[in-house]
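What the coordinates show
One letter stands for each residue in the lines below.
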Amino acid sequence: TGAVARGVLETRLVALCTKTFKACTTADASTSQKLLGMVRDVAPRLSAKAVTSIVNQVLKLLEAADRTMLTQILGVLEAVVAPAPEEGGDALPAAELSAATVAKVISAALDKQPPQTGGTPDAVLAFLSLLNRAVVRLHA
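Rules of the game
- Residues numbered from 1 in each chain as written.
- Predicted model: local features only at pLDDT ≥ 70, side-chain atom pairs only at ≥ 80, totals over all residues.
- Heavy atoms only, no water.
- Helix = DSSP H or I, 4+ residues; strand = E, 2+ residues; numbered from the N terminus.
- Buried < 20%, exposed > 50% of the residue type's maximum accessible area, 1.4 Å probe, protein only.
- Contact = heavy atoms within 4.5 Å.
- Areas by Shrake-Rupley, 256 points an atom, 1.4 Å probe, with all protein chains shown as cover.
- Polar contact = N/O pair within 3.5 Å; in protein donor to acceptor, adjacent residues only side chain to side chain.

Here the focus is the overall build of the protein chain. Counting its secondary structure elements, the protein chain contains six helices and zero strands. In the protein chain, the order of α-helices and β-strands from amino to carboxyl end is α-α-α-α-α-α. Scored against the burial criterion, the 140 residues of the protein chain give a buried share of 38%. A sequence separation of at least 24 residues applies to 68% of the contacts in the protein chain between residues at least 6 apart. Carbon and sulfur atoms make up 58% of the accessible area of the protein chain, which amounts to about 8000 Å² in all.

Take the environment of Glu78 next. Summarising the element assignment, Glu78 is placed in helix H4 (residues 70-81). The exposure class of Glu78 is buried, given its relative accessible area of 17%. A sequence separation of 27 residues divides Glu78 from Val105, and the C-alpha atoms of the two residues are 9.2 Å apart. Apart from residues no more than four positions distant in its own chain, Glu78 is found in contact with Ser129, Leu130 and Arg133. In terms of polar contacts, Glu78 uses its side chain to reach the side chain of Ser129, at 2.5 Å.

Following this line, the structure appears as structure tokens:
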């Protein structure tokens, strides 16, 4: 019932991410940007399987995208790899991700590292925050 509905919604979200991110072009990135925002918001509520599938799609988008969406992509990856909140915190629990998936996120982020000077400050901050959270997640 509830689990079945959740599974159907997750399957549709993964399919939407696959279709949208695959079709993303620089000229028409607004749909992907909106979907990235939604994924960032719901990532902590998704199953490990759904999160892993979405991470793979976001990493493909990161590889193919130019720097105009870099801040949003890094923000989604940060939301996904964020470690679980401390006891008593009001944040949602982190999705279960394998160390290999987190390592893949770190590697992809390093490959697309924004320039430290002359780049967008938001992208640099998102990049540093992603790396920080990913390393904390690996050592948790």
